[in-house]
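Each chain, letter by letter, is given below.
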Amino acid sequence: MSSASLNILMIASEAAPFAKTGGLGDVLGSLPAALANLGHRVVLVLPWYRSVQSVTGRLRLSRRKIFVPFDGQMLQVGFRSLDQNGVRILFLDVPNYYDRPALYGEQGEDYPDNAERFGLLSRATLELVRHIGFVPDLIHAHDWQAGLVPVYLRQQLWADPFFANSATLFTIHNLGYHGDFPPETLRQLGLDSTLNGFDGLEFHGRISLLKGGIRFADRVSTVSPTYCREIQTEDFGMGLDGLLRARREELHGILNGIDLKLWDPSSDPSLAVPYSAESLAGKQLCKEALQREYGLPVGVETPLLAMIARLDPQKGIDLVLEAFDSIMQRGVQLVLLGSGRPDYEQRLSAAARFFPEQARILLRFDDRLSRKIYAASDLFLMPSRYEPCGLGQLIALRYGSIPLVHATGGLVDTICDPQQDETRANGFSFETLSSRELLATLDRALRAWRHKSEWQALVQKAMSQDFSWDKAARDYVDLYRISRGEA
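An account of the accompanying structure is given in this report. Keep in mind that what you see is a predicted model, and the values were worked out from it rather than measured.

1. Here's the deal with the overall build of the chain
The secondary structure content of the chain amounts to 18 helices and 20 strands. Against the globule reference of 23 Å for 487 residues, the chain gives a C-alpha radius of gyration of 23 Å, in line with a compact fold. Seen along its three principal axes, the alpha-carbon backbone of the chain occupies a region of about 65 × 45 × 45 Å. Expressed as a percentage of its 487 residues, the buried residues of the chain come to 59%. Within the chain, residue pairs in contact and separated by at least 24 positions form 72% of the contacts whose partners lie at least 6 positions apart. Accessible surface, the chain: about 20,000 Å² in total, of which carbon and sulfur atoms supply 48%. The averaged location of the 58 negative side-chain charges in the chain is 4 Å from the averaged location of its 52 positive side-chain charges.

Shown next, in the form of structure tokens:
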């Protein structure tokens, strides 16, 4: 396969540290730089959200504007640029659409014009790269917010010589979010009404921007090999399994990585004491520091469980609630960090009040605190109903917190139970999604924890595993070349 460098255009709605609500932001915060490190030229396009300015400061607005055919008019769009880690990052500046308190909505409600906001992201990006003269060999669009990029290229720009040699890859980070809107939205997006059909964007009487990306991209990928197989089934396909099966020859699974410099307990300034796989004493001190900070009885002889998650049904919160009393009866401590559905927040807080010496429910997102929890904990709970890849278990491994997971999606690809293979074991997993199986697996993990020398060896093995972006970036480059017909 060719080793020539590529011009790679990335389009997404978020990327750490500029804007992030979940795993998508983490991926786009690391993958572009990993590709640039391999010698490729990468341009990343993001919206100029209000939150971005707190990270970048006042970036200069380009003197020249681009004009984008959108919603029946030629819309004037500004942009700002930043070079970071070998990547050129371009921010689309349209205050009416992006200068808002949040990325997608407020107080549990999506912004009603999200279709136009992210349709413009897709369409304006294509005009922007033409404006700066960056001819993309590969256009990589992420999730429903960029799902219209392949649609605009196929429907409006198919004869444009600027994009004549540009292949497209659409990556699904979570099939559970479709980007569904009323059919009349097509007109506002400048797309033909014929796309409101089975072979277009139509999905149960609405239009789906996610379906548009899947349907019209040259290749489609998702973020782990197991999730790639799962989404082709009725159980996990979210109504799109038929289309995904139809495209199975063009469908690929590439496991996400993590930034090993960003997540490193030997140099993490958030931690009370640094530590490494070779020197684990600091991990016990991190545990004691967290116990003191949150008023839990201090001592390394009590197993500390952690959960860091969005409080959403996907994350298996209902299993934790069902098993809460039984978990506490096992004499453990539990620290849960996250926010989400109000009913989950209320029920978890209520459950924890019965165990003031054991449980702390921290209803917020806090990056610094999450690092302290990863470092302090012995076991990391991740009983997800489905998990496209999962980053929590990878970070937990890096910090020596042994994952206990439901065997689904990327959790299957990254966590090996001793019952599967003792030589490769790095965590514990259960097949059947039930509180009974969760508790049975917790019991196995706690028995292992009591054998200190074996547990320390397991922790050291977990911390030594390589889930860096290097392999994933190389896999993406191979897929880019396949998308271009170079294989």
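Still more to cover.
2. Focus on the sheet that holds strand 8 (residues 138–142)
An order of 3-4-5-2-1-8-9-13-14 is seen for the 9 strands of this open sheet, with the pairing classed as mixed. Edge positions in the sheet fall to strand 3 (66–70) and strand 14 (251–253), since each of these pairs with one other strand and no more. Put simply, the sheet's adjacent strands are angled 25 degrees from each other on average, direction ignored. For strand 4 (residues 73–84) and strand 5 (residues 87–93), the ladder comprises 7 bridges, and the chain directions are antiparallel. From the neighbouring strand, serine 81 faces strand 5, where its bridge partner is leucine 90. Where helix 5 (residues 148–155) meets the sheet, it contacts strand 1 (7–11), strand 3, strand 8 and strand 9 (167–172), and its direction lies at approximately 135 degrees from that of strand 8.

3. A few points about the pairing of strand 5
The element strand 5 is largely enclosed, with a buried count of 6 among its 7 residues. In this sheet, strand 5 lies alongside strand 2 (residues 41–47) in parallel orientation, the contact comprising 6 bridges. Bridging from a neighbouring strand, leucine 46 pairs with phenylalanine 91 of strand 5. Remark: 2 residues form the turn of the hairpin made by strand 4 and strand 5, two consecutive strands paired antiparallel; asparagine 85 in that turn has positive phi of roughly 55 degrees.

4. Quick notes on the pattern of salt bridges
Applying the stated rule across the entire model yields 27 salt bridges. Salt-bridge contacts for lysine 372 lead to glutamate 293; the nearest nitrogen and oxygen are separated by 3.3 Å. Here lysine 372, found in helix 13 (residues 367–376), pairs with glutamate 293, found in helix 10 (residues 281–293); they are 79 residues apart in sequence, far enough to count as distant.

5. Examining the packing of helix 5 against helix 7 (residues 209–216)
As a packed pair, helix 5 and helix 7 sit with axes 7 Å apart at the nearest point and diverge in direction by 55 degrees. When the interaxial angle is binned, helix 5 and helix 7 end up oblique. When you trace helix 5 past helix 7, the crossing you get is left-handed. Of the residues in helix 7, those in contact with Leu148, Pro150, Val151, Arg154 and Gln155 of helix 5 are Leu209, Gly212, Gly213 and Phe216. Of the residues that constitute the contact of helix 5 with helix 7, the class distribution is 5 nonpolar, 3 polar and 1 charged.

Cut-offs applied
Residues numbered from 1 in each chain as written. Predicted model: local features only at pLDDT ≥ 70, side-chain atom pairs only at ≥ 80, totals over all residues. Heavy atoms only, no water. Helix = DSSP H or I, 4+ residues; strand = E, 2+ residues; numbered from the N terminus. Rg over C-alpha atoms; globule rule 2.2 N^0.38 Å. Buried < 20%, exposed > 50% of the residue type's maximum accessible area, 1.4 Å probe, protein only. Contact = heavy atoms within 4.5 Å. Areas by Shrake-Rupley, 256 points an atom, 1.4 Å probe, with all protein chains shown as cover. Lys, Arg positive; Asp, Glu negative; His and termini not counted. Charge placed at Lys NZ, Arg CZ, Asp CG, Glu CD. Pairing = 2+ DSSP bridges. Axes fitted to C-alpha atoms, helices over the stretch in contact; angles between N-to-C directions. Salt bridge = Lys/Arg side-chain N within 4 Å of Asp/Glu carboxyl O. Parallel < 35°, antiparallel > 145°, perpendicular 65-115°, else oblique. Left-handed = near helix turned anticlockwise from the far one by under 90°. Nonpolar A, V, L, I, M, F, W, Y, C, P; charged D, E, K, R; others polar.

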